[in-house]
Structure formats: structure tokens, C-alpha cells
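Architecture and fold: a report
Residues per chain, in single letters:
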Amino acid sequence: MANSKSQKSVLILCGDYMEDYEAMVPFQALQAYGVSVDAVCPGKKSGDVCRTSVHQPSGHQTYSESRGHNFTLNATFEEVDVAGYDGLLIPGGRAPEYLAMDGSVLDLVRRFSDLRKPIASICHGQLILAAAGVVSGRRCTAFSAVKPALVAAGSHWVETKGTTTKCVCDGNLVTAPTYLEHPEFIRCFVGALGGVVTGADKRILFLCGDYMEDYEVMVPFQSFQALGCLVDAVCPKKRAGESCPTAIHDFEGDQTYSEKPGHDFTLNATFEDIDASTYDALVIPGGRAPEYLALDEEVLALVKEFMDMGKPVASICHGQQILSAAGVLKGRKCTAYPAVKLNVVLAGATWLEPDPIDRCFTDGNLVTVQLGLAIRSSSPS
């Protein structure tokens, strides 16, 4: 659905306490579209992690911050050859504050700019662009607090608040204010890379609940939106405009995952108004929400309806607890988070062990995966 004449390669410039969504959503979305993506951080090597931050409106005069996921780098900054990449992406958060002081980072950005390769920067990431001196005479936007730096660097500030277009494209430069603009931001970047984005004729439903896993809802939600799909997110007993708190599940050296508060996820449709026949597919995120959603008869009826119609159903991590409770796994092949294996086997399914751990499996209309790291890929069973 996002096609180009040849595979493209993108570099993501990371740092500690970059915004969680602003790193992982484009990282996985671009890979899902067939783009090769390397994530690097100065002073760190492939396999090291960057801590991330969760930024969101707080009801106060500025956003709140809490700890996000640990983001694993897959390349080494000191080994980067700009000639080997087709584009650069810069997440926001607090990382740009110190990365803008790093001469090696600024040199890297200038090389991409001099070669006229696409550069996509979001939120506070534009601090790096300003420090690198690559925005003079260029039109761009950013998180509002970055405006003084951009103007001082000679940029033509574009105010997007109150407009339908939230991203600004000026030649090879793509900028956006926040992660809420990810669908348009990613779509513009794919276009700058020479890709063609399609998928607007598909309608996809997300089955949400309190404390679903943060990545497992937002990454696919915004990835599908970037393709032009119409995506509705619902939760039983909540209406459009209400939110679900999410959970950040991470592996930090303990015998099981840790949990931290994630972003608040805003629903855009109402569960009681849903007509399954009007949707092309269903997505079930994991986290802790499936534990209680699996006890809701209306939820189970909805899942059965999608399965009976043979429409694609994609379930991740603990989401398969709902599939097991709905009685739709008998005779099917699937995987899930290891702790859910008992539910899957007792429901009559054949358990598939993912190797590598981020492998997805497809069995007819059913797509399952063990962890959020595997959102980007799928393999036949």
C-alpha cells in the first residue's frame, strides 16, 4: 500500500528522552511499508537502548512528562554513511535539547540537507534543524515552544493551529508540531521518499480498553491512518471523545515485564454504535485490557461476528485472551504472549512458537503476534 520503485533506507536520529511515540510509530510504520530503518544515537552502539519520555497534555500550562519505553537501537552512530540513506527522521521530546549541542549531529544533518535528501522532523526535533543552520528561508512548523529558535534561525514560521493541514512541506523538508499529526507527517515523508500511499477504501476497527499496551494500539492505529484507511477506536461503555489510559510494558531485567503509565488514548467512535458489517478488519491490542474485555459478552459477540464473516482479525500479545474466550480459535494456528499460551491451547488452537520472537503468523483471516516489536511484519503459518 506504500510503494516505491526500489526499497528505501531511512535513518532515525535518536537520543535519551526523545518522545516515545515520535520514535516508535515512524520506526515501525516505515518498516511495515517496506522501508529499511536504522535508529542511531551519538555515543551509543547497536543493541544499546535510549530511554524515552511520554509527553501529553496535562490540564496545566504545559505538557506533562513520564518515563516511556526503552527503545533499542539497531545501528551505530559512528558507522553512519549518509550516502547509504535516502532520508533522515528526527523525533522530538527532550533529546533534541542536547543533540542540538553536538557538533557530530549537526554535521550529519547538514550532509543530508546539502544532498537535498528528505528530512522529516517533528515537535522539538526542529531545534536540531535550527542549530544546524538548515532552515534559513525555509517554511516550517514545530511544537509552539520551538518557534523562537526557528524564527531566530531565519525560518518562515507556519502556524498550523486551527488549520486542516498540520504538516509543512518545503522542498526536502517535512515538519510537524506533535505526534497527533503522525499520519499526515508519515504520509508526507513517504511521498518525499518517492513512495505512493494508498488504502483509503479500507475501514478498520480497533477494540480498546483501559490499560491496553501503549505501542500496541497507537503504532498500528496511526500506521493505518497514514495509509489513508478510516480507523475507528472503540471501548465498551465509553463514547467517542473519551479516553483510555494505556500501559507501557517493558523488559527491564526482571522475571516478567514492568509496567508504567502510558499515553491517554482518545477514542473516536462509540462501541454501542458499531456495525461490524461496515468494517473490513478488526485489530485487538494487548496489554491488560483483554483480561476484562474477555469477560464482556458484547465484546465476544463482536469478535465472533468478524470471524464468522471471514474478515481479517489481527490480535497481539494478550489480545488472544479475547479470541480464546470468544471460542474462535479451535482448529486455528496462532501465537501470543507466552503467558497466554494456556488460553490458546485450551481454546483448541495449535500453538506456534515465533522464531525470531518478532515473527507474526497468518492463518486464513487470522493474524497473531507475540509482542509489539512485531507489528511491522507477518508470515504465513
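Residues numbered from 1 in each chain as written. Predicted model: local features only at pLDDT ≥ 70, side-chain atom pairs only at ≥ 80, totals over all residues. Heavy atoms only, no water.

You'll find the protein chain entered in an unreviewed UniProt entry as DJ-1/PfpI domain-containing protein, with Acorus calamus given as the organism.

1. With respect to the packing of aromatic side chains
Basically, it comes down to this: When two rings of Phe, Tyr or Trp (its six-membered ring) have centres within 6.5 Å they constitute a pair, described as stacked for plane angles under 30 degrees, edge-to-face for angles over 60, and tilted for the intermediate range. Helix and strand definitions here come from DSSP, where helices need a minimum of 4 consecutive H or I residues and strands a minimum of 2 consecutive E residues; each element is numbered from the N-terminal end. Burial status follows relative accessibility: with a 1.4 Å probe on protein chains alone, a residue under 20% of its type maximum counts as buried, one over 50% as exposed, and anything between as partly exposed.
This model, assessed by the stated rule, comprises eight aromatic pairs. An angle of 90° between the planes, with centres 5.1 Å apart, marks the rings of Tyr21 and Tyr179 as edge-to-face. Of this pair, Tyr21 sits in helix H1 (residues 20–32) while Tyr179 sits in the loop between strand E12 (173–176) and helix H6 (182–192), and the two are 158 residues apart along the sequence. We note that Tyr21, like Tyr179, is buried.

2. Quick notes on the pattern of salt bridges
Stated formally: A carboxyl oxygen of Asp or Glu within 4 Å of a side-chain nitrogen of Lys or Arg is what we treat as a salt bridge.
With the rule as written, the count across this model stands at 13 salt bridges. Asp48 is paired through a salt bridge with Lys45; the nearest N and O atoms lie 3.8 Å apart. When salt bridges with common partners are traced through the structure, they connect Arg67, Asp250, Glu252 and Lys260 into a single cluster.

3. A short note on the side chain of Gln370
Note the cut-off: N or O atoms within 3.5 Å of each other form a polar contact, as long as, within protein, one can give a hydrogen and the other can take it, and as long as residues adjacent in sequence are counted only when both atoms are side-chain atoms. Contacts were defined at the residue level, with two residues in contact if any of their heavy atoms lie within 4.5 Å.
Here Gln370 lies in the loop between strand E24 (366–369) and strand E25 (379–380). With a relative accessible area of 4%, Gln370 lands in the buried category. Within the structure, the side chain of Gln370 is placed 3.3 Å from the backbone oxygen of Ala336, a separation counted as a polar contact. With sequence-adjacent residues up to four places away left out, Gln370 is seen in contact with Cys317, Thr335, Ala336, Tyr337, Pro338, Trp351, Glu353, Pro354 and Ile357.

4. Focus on the sheet that holds strand E17 (residues 243–250)
Strand pairing in a sheet takes place through backbone hydrogen bonds and is either antiparallel or parallel in direction. Applicable threshold: A pair of strands is labelled paired if DSSP reports no fewer than 2 bridges between them.
Across the sheet, three strands lie side by side as E15-E17-E18; this open sheet has mixed pairing. Each edge of the open sheet carries a strand with a single partner, namely strand E15 (212–213) and strand E18 (258–266). In this sheet, E17 lies alongside E15 in parallel orientation, the contact comprising two bridges. Following the sheet pairing, Glu213 is matched in E17 by Ala247.

5. Re the UniProt feature "domain: DJ-1/PfpI" (unreviewed entry) in the protein chain
Applied cut-off: UniProt positions are given in the numbering used here, feature names are shortened, and annotations may be inferred rather than shown by experiment.
The positions UniProt marks with the feature "domain: DJ-1/PfpI" (unreviewed entry) are residues 8–189 and 202–369. Note that residues 202–369 is 26% helix and 29% strand, and that its end C-alpha atoms are spaced 22 Å apart.

6. A few points about the packing of H1 against helix H7 (residues 214–226)
Here is the rule we go by: To obtain an axis, a line is fitted to C-alpha atoms, over the contacting stretch when the element is a helix, and the angle between two such axes runs from 0 to 180 degrees between their N-to-C directions. Geometric relationships in this document are graded by angle, where less than 35 degrees denotes roughly parallel, more than 145 denotes roughly antiparallel, 65 to 115 denotes roughly perpendicular, and other angles denote oblique. Should the near helix be turned anticlockwise from the far one by less than a right angle, the crossing is termed left-handed; should it be turned clockwise, right-handed. In this classification, Asp, Glu, Lys and Arg are treated as charged, Ala, Val, Leu, Ile, Met, Phe, Trp, Tyr, Cys and Pro as nonpolar, and every other residue, Gly included, as polar.
Contact geometry of H1 with H7 gives a least axis separation of 9 Å together with a crossing angle of 55°. By the angle between their axes, H1 is oblique relative to H7. For the pair H1 and H7, the crossing hand works out as right-handed. Contacts between H1 and H7 involve Asp20, Tyr21, Met24, Val25, Gln28 and Ala29 from the first element and Asp214, Tyr215, Met218, Val219, Gln222 and Ser223 from the second. Across the contact of H1 with H7, the residue classes tally to seven nonpolar, three polar and two charged.

7. Quick look at the nonpolar core
Quick reminder of the rule: Note on terminology: a nonpolar core comprises buried Ala, Val, Leu, Ile, Met, Phe, Trp, Tyr and Cys residues joined through side-chain atoms within 4.5 Å.
If you look at the biggest cluster of nonpolar residues, it comprises 122 residues, and the most contacted ones within it are Phe71, Cys208 and Val303. Per-element accounting of this core gives the leading share, seven residues, to H1. Those residues in contact with Phe71 that sit more than four places away from it in its chain are Cys14, Met18, Ala23, Met24, Phe27, Ala39, Asp48, Val49, Cys50, Thr52 and Tyr215.

8. Structural notes on the confidence of the model for the protein chain
Heads up, the condition is: Per-residue confidence from the prediction method is given by pLDDT, with values spanning 0 to 100.
Residue-level pLDDT values for the protein chain average 94, and 96% of them are 70 or greater. Under a pLDDT of 50 for its full length, residues 376–381 has, in the predicted model, 22 contacts with residues more than four places off or in other chains.

9. Description of helix H9 (residues 297–308)
Here is the rule: An expected span of 1.5 Å times one less than the residue number is assigned to each helix. Directions pointing from the helix axis toward each C-beta atom define the arc.
Taking 1.5 Å of rise per residue, twelve residues should cover 16 Å, and H9 covers 16 Å from first to last C-alpha, within 8% of that figure. Taken as a whole, H9 has its buried residues at Val299, Leu300, Leu302, Val303, Phe306 and Met307. When H9 is viewed along its axis, its buried side chains cluster within an angular range of 160° and face the same direction. The exposed set on the far side of H9, more than 90 degrees from its buried face, consists of Glu297 and Asp308. In this fold, the buried residues of H9 make contact with strand E14 (203–207), strand E19 (281–284), helix H8 (289–293), strand E20 (313–316) and helix H10 (320–326). Where H9 begins, one side-chain oxygen reaches toward the backbone nitrogen of Glu298, 2.9 Å away; that side chain belongs to Asp296. A positive phi of about 70° marks Gly310, the residue just after H9.

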